[in-house]
Amino acid sequence: MEFDKIELAHGAGGKLTQQLLDEIIVPTFKNKIVKGGIGLEALDDGATIPVQDYEVVVSTDAHTITPLFFPGGDLGKLAVCGTINDVAVMGAKPVAITSAIIMEEGFLMNNFKKILNSMNQILVEANVALIAGDTKVMPNGTLDGMIISTTGVGIVKKGSVITDNGLKPGNKIIINGSIGDHGIALLSKREGLGFETQLVSDCAPLHETIEAAMKPGGIKAMKDPTRGGVAGLLNEFAQKSNVSIWIDEDKVPIKAPVIAACEMLGFDPLAIANEGKVVMGVEKDLAEETLSLIKKTKYGKNAEIIGEVKAEKPGYVILNTSIGGKRIIETPRGEPIPRVC
Ligand code: MG
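Being a predicted model, the structure only gives us computed values, none of them experimental.

Participant: Just checking my understanding: could you explain the coordination of the magnesium ion for this structure?
Facilitator: Every protein donor of the magnesium ion is accounted for by Asp45 (OD), Asp86 (OD) and Asp224 (OD), and the metal-donor separations fall at 2.1 Å. Sequence spacing among the residues donating to the magnesium ion works out to D-x40-D-x137-D. In this pair, aspartate 45 is assigned in the loop between α1 (15-28) and β1 (47-51) and aspartate 86 in helix α2 (residues 75-88), connecting sequence segments 41 residues apart. Judged by relative accessible area, which is 9%, aspartate 86 ranks as buried.

As structure tokens, this is what we get:
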């Protein structure tokens, strides 16, 4: 590894995070799988522990964002949604979370209460219990406000786990709504760009949408496009499944303020983080039925089929552009907007 110090991009979910995992983190640990389950090396959204006829899904995440309160949510909502979604995209029913909160001395009690209330609201909506937690405080100036780390637990019948590597040629790619809302809403609030009045984060718990999508039984791979955005997710899909993914730019739902902000700042909306989106590869014959079930859910109204899976050029993600060209979509080096999740 060419770095002797950690850079921000090492935590940004792109190529440098991948390098840190492959070269430093994963090789350090000898025991990284429970027999018969999904372990650390899979680098999926969650891991699994087989127990008789079921698998217990476990997923853990640390959340460090700025600002703590943003259009459409706050750190508490984000921490709970992120973990519920990581459990749900494994095909599991989320049942419980634990939470560790680290705060800076001087943190306002009122803001602390607001963040806890936001966590509670989402937990109630998703029927998920907070069963354990920890609270620590660091001296003034040694931490920027608050960090929340959550671990989620879910249950799934053995054989029904959905990984991020099962795509087959012919599968259709579905997303449940517009891309880039979260990253741009946060950045806009932070930098005072003025888009925050038109745009809120998509931060949401996706258990209901995912449960509906699973009913026809056609999902071959599923993941939430958080850090690294849809571009990072599709590259992971393509590489892990050894297929290519072809996306139609015209079909990708994207809001006008996100397009405007990305043009102004030189960002690719496909690389921006989302917190209420799920992308899945679905068997061709079940794609339309899956899409219509997703559209009936609270967070799936703007769902679309955005592309398809092919056997040629394995490992590549290719965009059919609006003007009739083709562009290779690469894994972002890191999240272009730091500290959004
Ligand atoms: Mg995930």
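Now that the structure has been shown, the text picks up again.
Participant: Quick question: what am I supposed to make of the layout of surface pockets here?
Facilitator: The gaps left among the atoms become clear once a water-sized probe is rolled over them. Here the second largest pocket is characterised by a volume of approximately 280 Å³. For the second largest pocket, the lining is made up of 13 residues, of which Glu249, Ile254, Ile259, Asp268 and Pro269 are closest to its centre. When residues of the lining of the second largest pocket are assigned to their parent elements, the largest contribution, 3 residues, is made by helix α7 (residues 256-265). Its residues assigned to classes, the lining of the second largest pocket shows 9 nonpolar, no polar and 4 charged.

Participant: What is the right way to read the packing of α2 against helix α3 (residues 109-126) from this model?
Facilitator: Angle between the axes and distance between the axes are the two parameters that describe a pair of packed helices. In the contact formed by α2 and α3, the axes pass within 6 Å of each other and the chain directions differ by 30°. Like other packed secondary-structure pairs, α2 and α3 cross with a definite hand, here right-handed. Contacts between α2 and α3 involve Leu75, Gly76, Lys77, Val80, Cys81 and Ile84 on the former and, on the latter, Ile115, Ser118, Met119, Ile122, Leu123 and Ala126. The residue makeup of the contact of α2 with α3, split by class, is 9 nonpolar, 2 polar and 1 charged.

Participant: So what exactly am I meant to see when it comes to α2 here?
Facilitator: Since the α-helix turns once every 3.6 residues, residues separated by three or four places project in the same direction. In this model, α2 (14 residues) spans 20 Å end to end at C-alpha, consistent with the 20 Å of a helix rising 1.5 Å per residue. Counting buried positions along α2 yields 14 of 14 residues, so the element is predominantly enclosed. Between the side-chain oxygen at the start of α2 and the backbone nitrogen of glycine 76 there is a gap of 2.9 Å, and the oxygen is on aspartate 74.

Participant: Is there a simple way to explain the sheet that holds strand β6 (residues 129-138) in this structure?
Facilitator: Backbone-to-backbone hydrogen bonds join strands into a sheet, with any given pair of strands oriented parallel or antiparallel. Pairing is mixed in the open sheet, where 5 strands are placed in the order β1-β2-β7-β5-β6. What marks the edges here is a single partner per strand, and that holds for β1 and β6. In this sheet, adjacent strand axes meet at a mean angle of 15° when their direction is disregarded. Pairing analysis gives 5 bridges linking β1 to strand β2 (residues 54-63), with the strands arranged antiparallel.

Participant: Just checking my understanding: could you explain α1 for this structure?
Facilitator: When the terminal C-alpha atoms of α1 are compared, their 19 Å separation across 14 residues agrees well with the 20 Å that a helix rising 1.5 Å per residue should span. Along α1, the sharpest change in direction is near 40° and occurs at leucine 21. Burial in α1 covers these residues: Leu16, Thr17, Gln19, Leu20, Leu21 and Val26.

Participant: Just to check I follow, could you spell out the pattern of salt bridges for this structure?
Facilitator: Side-chain pairs of opposite charge can arise where the charged atoms are in close proximity. Evaluated as defined, the whole model comprises 17 salt bridges. Salt-bridge contacts for glutamate 125 lead to lysine 298; the nearest nitrogen and oxygen are separated by 3.5 Å. Of the two residues, glutamate 125 is situated in helix α3 and lysine 298 in the loop between α8 (287-295) and β12 (304-310); the sequence distance between them amounts to 173 residues. Residue glutamate 125 is classed as partly exposed on the basis of its relative accessible area, which comes to 33%.

Participant: Would you take a moment to explain the packing of aromatic side chains for this structure?
Facilitator: The geometry of an aromatic ring pair is captured by two quantities: the separation of the ring centres and the angle between the planes. Applying the stated criterion across every chain, the model contains 0 aromatic pairs. A cation sits over an aromatic face here: lysine 114 above phenylalanine 69, 5.5 Å from the ring centre. Against the face of tryptophan 246 rests lysine 310, its NZ or CZ located 4.3 Å from the ring centre.

Participant: When you look at the sheet that holds β12 in this model, what are you seeing that I'm missing?
Facilitator: The 7 strands lie next to each other as β9-β11-β8-β12-β10-β13-β14, forming an open sheet whose pairing is mixed. Only two strands of the sheet have a single neighbouring strand rather than two, namely β9 (219-223) and β14 (326-328). Here the strands of the sheet are splayed against their neighbours by 25° on average, with no regard to which way each runs. Here strand β13 (residues 317-320) runs beside β14; their pairing, made up of 3 bridges, is antiparallel. Its bridge partner being in β14, leucine 319 is matched across the sheet by arginine 327.

Rules and cut-offs
Residues numbered from 1 in each chain as written. Predicted model: local features only at pLDDT ≥ 70, side-chain atom pairs only at ≥ 80, totals over all residues. Heavy atoms only, no water. Donors = N, O, S within 2.8 Å, 3.2 Å for Na, K, Ca; no water. Helix = DSSP H or I, 4+ residues; strand = E, 2+ residues; numbered from the N terminus. Buried < 20%, exposed > 50% of the residue type's maximum accessible area, 1.4 Å probe, protein only. 1 Å grid on protein atoms, 1.4 Å probe; cavity = no way out; pocket = protein on both sides within 12 Å on 5 of 7 lines; lining within 4 Å. Points joined across faces, edges and corners; volume = space filled by probe spheres on them. Nonpolar A, V, L, I, M, F, W, Y, C, P; charged D, E, K, R; others polar. Axes fitted to C-alpha atoms, helices over the stretch in contact; angles between N-to-C directions. Left-handed = near helix turned anticlockwise from the far one by under 90°. Contact = heavy atoms within 4.5 Å. Expected span 1.5 Å × (residues − 1). Polar contact = N/O pair within 3.5 Å; in protein donor to acceptor, adjacent residues only side chain to side chain. Pairing = 2+ DSSP bridges. Bend = angle between axes of the 7 residues up to and from the residue. Salt bridge = Lys/Arg side-chain N within 4 Å of Asp/Glu carboxyl O. Phe/Tyr/Trp six-rings, centres within 6.5 Å; stacked < 30°, edge-to-face > 60°. Lys NZ or Arg CZ within 6 Å of the ring centre and 35° of its normal.

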